[in-house]
Amino acid sequence: MKIKAFYFYLVLFFVGFFQSVAAQSMFQPIEMDPALRYGILDNGLTYYIRHNDVVKERADFYIVQNVGAILEEDNQNGLAHFLEHMAFNGTKNFPDKQIINYLETIGVKFGNNVNAYTSLDETVYNLTSVPTFRTGIVDTALLILHDWSGFISLQGNEIDKERGVIREEWRTRANAERRLWSASLPLIYANSQYAKRDIIGDTAIINNFQYETLRRFYHKWYRPDLQAIVIVGDVNVDSVENKIKTIFADIPERKNPDPRPIYPLQDNAVPIVAILTDPEATTVRIRIDYRHQPLSDRMKASMAGYITSVANSLIENMFNNRLDEIAQRPDAPFAAAYGSYQELVKSKDAFILLAIPNEGKEKESLDAILTEAERMKRFGFTPGELTRAKADMLSAYEKSYNERNKTKNNSYVKEYIRNFLDFEPVPGIEWEYKVIQEILPIMSLREVNQIAEKYVEVENQTVLITGPEKESVKLPTTEEVLSMITEVTKADITPYEDNAPSEPLISKAPKKGKIKSKKENKAQEVTEWTLSNGMKVILKPTDFKEDEILLYAYSEGGLSAIDSPDDIPSGLLSSSIVEKNGLGSFSQIELNKIMAGKIAGLRPYIGNYEESLSGSSSVKDFETMLQLVYLYFTGVRQDDDAYNALVNQYRTLLINASSNPNTAFKDSIQVTITGHNQRTKPFDLNQLEKVSQQKALEIFKARFSNPADFTFFLIGNIDIKEMEPLILTYLGGIPEKKATEKWTDRGIRIPKGVVKNNFTKELKIDKASNFILYSGDMSFTLENRLAIGVIKDILNIRYMESLREEEGGTYGVRVQGSVSKIPQNEASLQMTFDTDPKIQEKLLGMIHQEIDTILLNGPMEKDLQKVKENLKNNFNENQTENKWWLNAIISYYKDGEDMKKNYIRTVDSIDGEVVRRKLKQLIGQGNVIEVVMSPK
């Protein structure tokens, strides 16, 4: 491949346009953001520290390991991931589970704020939202990272206990997708290390490896020259830097360490084709990789690499817009398709194409994506496409620049991780926004097209096709695939035709409404308007984000307003149909082109008892978001082609859905907990056949017809005086209707008493899936809602300790709890978990036993305090989030709850007796449902 050489050509072309950048500096590393403290200790440990007080007294602590499953020896297959688990089971300074226990006492929750992941090439551990108001907490967080770096205990008894957890993780994750991926590795990565590793590993090794085998992997690869510490948040940078130098000093530099290998992939002159099936697969998936030699690390870190990444992003945007257009045709060969240029493995990049064919069009889908790649290669893109892609990119950078002083910790952390692992530059948004404004105007269509041309070559190409194992699915043979690849290169292909509308979204502004009444709610710091068409508008200006405005609107009714159960399927798809059909005089394809460069989006939704609109925009595109609101009320359109394309997409997703055991399990839960109500049938092919475009549009128009039924909430960087004319035009201008509606009780209820639904199914994996639901009457109050939430979190802790850690019987129990008021006041607690069928009854008994223990003795005080501390921690952190305040204000107007005033006070009032009493109130009603799916 000559693509690397071509990048040099492109960069040299740009040099002449940069007055302020010397030619030789184009290939020098871009300087780091001056706000970032970066360094490397004598032992080789890298560190990144940044002060960021957007969230006061909180910080994120990460340790990044340039180590993954790819480094395992054959007798260590799966141990990189196993080691990640062991980091939480005891270290030098934190024996047993003390890391988790300590962190949860300060509100840092395991699973949410304390976690890790392992991939083929990296392992990353994180502690997020750690309080920094005490020096001791910061010191402890650093000491945890220190221990993960070099002092994980790896005690034999803890290793043995974790074997069961890993086995159950394997059982839970062993679905068709993972099996197909694992089976594909020896084929598409033939004769390479990547052919041998799938992260989760070999269960025979997991069950039987010697302790020293894991310890040897740890001591060989977890070492400072392959590690980075990343700390971002409200910390004193000088102090933290000095602490890192002190705390990590006892981790010795490794003398003559084995170099961290970069494993190659062999070149292939002829495309590699792999075709695989699985009886539990639900869709056909086609993936084509055009492999390329990556830029050198030095190039990635330079202006040359930065310009290259910009060009790649533009190409990805334009190419995917073409694929989206094809997917929206009624005769589309695929339901969805996507293309991206990215790192494939450490030693190779790739232009990757993915497609999900529509049923019966597997060969046509392969031909279509091959043809689009060839069309791009031969003819490139059009001026209009590039203009729109540049506009999208510039708007994204502008928004990031405008909000540069409100950037959350995680955004910085991700950048620094990519810098350490992949040499991505981190110059800061001020530099990037300035440079992007220089790059985009001079990046010509010719140069972009020349890069795109080099994406697509026959050599170093792989094709992977996976799908269901059934006669009706006709996958192409290897010979047919190879023939199609050859034929496309010779085919008569025409250039893409770019038909972009020139008209505005709304050609004639509606007649303005008026403010009928105005009131200031000082307690909630909001302004309340009632408009002349009856609509209520609640406005809350904030300064949490410089360039964000959130919108939410709701009205009672929803699917409950539909009389006939036969029309429910049309109601369920009505929002999707309206979105797919476009708005006003524009199709969805045309609408996407009009919206290029605009940061504004809006989604309609029809739920069981209400309809809603939710969206967001930048400040400058606020008018566009309001125009979309107006069109959803007045500009819904019929489009037979778009509708047929959508139905085909759903048919593709549903036709083999029953092959997936999880679908049967979820559907069984749904019909059981709703008492087999005709209105709550699972959406399947039979339901799809009942959908009517005309009925769906009728339902949507009925729900979104009367502005007087709706309450709108607007929160963010709002200048009320400046935006008032826009609100009165596009919200106040929606025509008034007299009819109003409320939700209707259709008798959907959770069954009373004890209900059991145990069934068997043919399964590839020996697995029992379990669902338990307790329900009962309970008032919809803040105390009850928080108490049920506390009980849920306490049970999560208990099940983590008993079912997972002590028993090793499941990867995890998912606990959910809620209190609702529609259609009636009701509370529920539900638990879901997978396990080995041999111990299913035992674990089910343990689920109920943990509840009985709390009923008898109340919760453990330490568990209760951990949960309450986490709730308060999250509450304090969320005070700078527009989204949290939006939900709080919605709760105030919907439910009369003053979250700002009452939340912390209510959390503090929940003691052990309250937990025991509320749980007894729920469990004592004797309503429990069990759904169990076991293998035949």
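Visitor: Looking at this structure, how should I read the environment of K761?
Guide: Residue placement: K761 occurs in strand β19 (residues 754-761). When the C-alpha atoms of K761 and N410 are compared, they prove to be 42 Å apart, with 351 residues separating the residues in sequence. If near-sequence neighbours (up to four positions away) are discounted, K761 is found in contact with S658, P661, A664, M933, S934, P935 and K936.

Visitor: Help me understand the environment of N662 in this model?
Guide: In this fold, N662 is placed in helix α22 (residues 661-673). Separated by 271 residues in sequence, N662 and M933 place their C-alpha atoms 9.2 Å apart.

Visitor: Could you clarify how one ought to interpret the sheet that holds strand β20 (residues 768-776) in this entry?
Guide: Sheet strands line up and pair through hydrogen bonds in the backbone, either parallel or antiparallel. Taking strand neighbours across the sheet as the criterion, the five strands line up as β19-β23-β20-β22-β21 in an open arrangement whose pairing is mixed. Edge strands, defined here as strands with exactly one partner in the open sheet, are β19 and β21 (814-820). Strand-to-strand twist across the sheet, computed as the mean angle between neighbouring axes with direction ignored, equals 10°. Strand direction decides the pairing type here: β20 and strand β23 (residues 928-935), joined by six bridges, are antiparallel. From the neighbouring strand, S769 faces β23, where its bridge partner is M933.

Visitor: What is the right way to read the packing of aromatic side chains from this model?
Guide: The way to describe two aromatic rings as a pair is by their centre distance and the angle between their planes. Throughout the structure, instances matching the rule amount to 32 aromatic pairs. Considering the side-chain rings of Y38 and Y48, the 5.2 Å spacing of their centres and the 65° angle between planes classify their relative orientation as edge-to-face. Here Y48 lies in strand β2 (residues 46-51) and Y38 lies in strand β1 (residues 36-40), a separation of ten residues in the sequence. The ring of Y401 carries R404 above its face, with NZ or CZ at 3.9 Å from the centroid. It is K894 that lies over the ring of Y554; its NZ or CZ is 4.5 Å from the centre.

Visitor: How should I be thinking about the packing of helix α2 (residues 79-86) against helix α5 (residues 156-173) in this particular structure?
Guide: Across the interface, α2 lies against α5 with an axial gap of 10 Å and an inter-helix angle of 120°. The element α2 and its partner α5 pack so that their crossing is right-handed. Taking contact as the criterion, the partners of H81, F82, H85 and M86 in α2 are, on α5, E158, I159, E162, R163, V165, I166 and E169. The residue makeup of the contact of α2 with α5, split by class, is five nonpolar, two polar and four charged.

Visitor: How do you make sense of the pattern of salt bridges when you look at a structure like this?
Guide: Opposite charge on two side chains lets them pair, provided their charged atoms get close. Summed over all chains, the structure comprises 72 salt bridges. For D563, the salt bridge identified is with R746, shortest N-O distance 2.8 Å. In this pair, D563 is assigned in the loop between β15 (549-556) and α18 (568-581) and R746 in the loop between α25 (720-730) and β19, connecting sequence segments 183 residues apart. Among the charged side chains, a salt-bridge network with shared partners connects K97, E158, K161, R804 and E805.

Visitor: Is there a simple way to think about the nonpolar core in this case?
Guide: Among soluble globular proteins, nonpolar side chains are generally buried collectively. F61, L127, W148 and I244 are the most contacted members of the largest nonpolar core, which totals 76 residues. Looking at this core, the element that brings in the most residues is helix α4 (residues 135-150), giving seven residues. In this view, W148 contacts I63, Q65, A87, F88, T91, I99, Y125, L127, Y218 and Y222; residues no more than four positions away in its chain are not counted. Among the nonpolar cores identified, the runner-up in size contains 61 residues, and I286, F319, F334 and I369 belong to it.

Visitor: How should I be thinking about the environment of I70 in this particular structure?
Guide: Structurally, I70 is set in the loop between β3 (58-65) and α2. When its relative accessible area of 0% is taken as the criterion, I70 is described as buried. Separated by 49 residues in the primary sequence, I70 and S119 place their C-alpha atoms 8.4 Å from one another. Beyond its immediate stretch of four places on either side in the chain, I70 contacts L120, D121, Q193, Y194, R197, R260 and Y263.

Visitor: Hey, could you run me through the packing of helix α11 (residues 303-327) against helix α13 (residues 383-402) in this one?
Guide: Two numbers describe a pair of packed helices, the interaxial angle and the distance between the axes. Relative orientation of the contacting elements α11 and α13 amounts to 120°, with a least axis distance of 9 Å. Judged on the interaxial angle alone, α13 and α11 are oblique. Judged by the sense of rotation from one axis to the other, the crossing of α11 with α13 is right-handed. Seen from α11, the contacting residues are Y306, V310, S313, L314, N317, M318 and R322; seen from α13, they are E385, L386, A389, K390, D392, M393 and Y397. Tallied by class, residues from the contact of α11 with α13 come to eight nonpolar, two polar and four charged.

Visitor: Explain the pairing of β20 here, please?
Guide: A regular strand places its side chains on the two faces of the sheet in alternate fashion. Along β20, nine of the nine residues are buried, which leaves the element largely enclosed by surrounding structure. Here β20 shows two buried faces, one formed by A768, N770, I772, Y774 and G776 and the other by S769, F771, L773 and S775. With nine bridges joining them, β20 and strand β22 (residues 826-835) adopt antiparallel strand pairing. Within β22, the position partnered with S769 by the bridge is D834.

Visitor: Would you explain helix α27 (residues 840-857) in this entry?
Guide: In an α-helix, one turn spans 3.6 residues; hence positions three or four apart end up facing the same way. The end-to-end C-alpha distance of α27, which contains 18 residues, comes to 26 Å, matching closely the 26 Å that a straight helix rising 1.5 Å per residue would cover. Inspection of α27 places Q840, L843, L844, M846, I847, H848, E850, I851 and I854 among the buried residues, and these make up the whole buried set. In this fold, the buried residues of α27 make contact with β20, α26 (782-806), β22, α31 (912-923) and β23. Phi turns positive one or two residues past the end of α27, at G858, with a value near 80°.

Visitor: Explain the side chain of R322 to me, please; I cannot follow it from the model alone.
Guide: With respect to the element layout, R322 can be found in helix α11. By relative accessible area, R322 is classed as buried at 3%. Among the polar contacts made by the side chain of R322, one reaches the main-chain carbonyl oxygen of G380 at a distance of 2.9 Å. Discounting residues that sit within four places of it in the chain, R322 has contacts with E372, R375, M376, G380, F381, T382, E385 and Y496.

Visitor: Just to check I follow, could you spell out α11 for this structure?
Guide: In this model, α11 (25 residues) spans 36 Å end to end at C-alpha, consistent with the 36 Å of a helix rising 1.5 Å per residue. Burial analysis of α11 places 19 of its 25 residues in the buried class, the great majority of the element. Structurally, the start of α11 carries an N-cap: the backbone nitrogen of A304 is 3.2 Å from a side-chain oxygen of S302.

Visitor: Where do I start with unusual backbone geometry in this structure?
Guide: Excluding glycine, residues mostly have negative phi values, and the peptide bonds linking residues are mostly trans. A cis geometry characterises the amide bond from I822 onward to P823, with omega recorded as 5°. Note on placement: P823 falls in the loop between β21 and β22. One non-glycine residue with positive phi stands out, namely I199, at about 75°. Looking at where I199 falls in the secondary structure, it is placed in the loop between α6 (176-188) and α7 (203-208). Positive phi is not limited to glycine here, since F423 has a value of about 65°.

Procedures and definitions
Residues numbered from 1 in each chain as written. Predicted model: local features only at pLDDT ≥ 70, side-chain atom pairs only at ≥ 80, totals over all residues. Heavy atoms only, no water. Helix = DSSP H or I, 4+ residues; strand = E, 2+ residues; numbered from the N terminus. Contact = heavy atoms within 4.5 Å. Pairing = 2+ DSSP bridges. Axes fitted to C-alpha atoms, helices over the stretch in contact; angles between N-to-C directions. Phe/Tyr/Trp six-rings, centres within 6.5 Å; stacked < 30°, edge-to-face > 60°. Lys NZ or Arg CZ within 6 Å of the ring centre and 35° of its normal. Left-handed = near helix turned anticlockwise from the far one by under 90°. Nonpolar A, V, L, I, M, F, W, Y, C, P; charged D, E, K, R; others polar. Salt bridge = Lys/Arg side-chain N within 4 Å of Asp/Glu carboxyl O. Core = buried A, V, L, I, M, F, W, Y, C linked by side-chain atoms within 4.5 Å. Buried < 20%, exposed > 50% of the residue type's maximum accessible area, 1.4 Å probe, protein only. Parallel < 35°, antiparallel > 145°, perpendicular 65-115°, else oblique. Expected span 1.5 Å × (residues − 1). Polar contact = N/O pair within 3.5 Å; in protein donor to acceptor, adjacent residues only side chain to side chain.

Nothing here speaks to function; it is geometry throughout.
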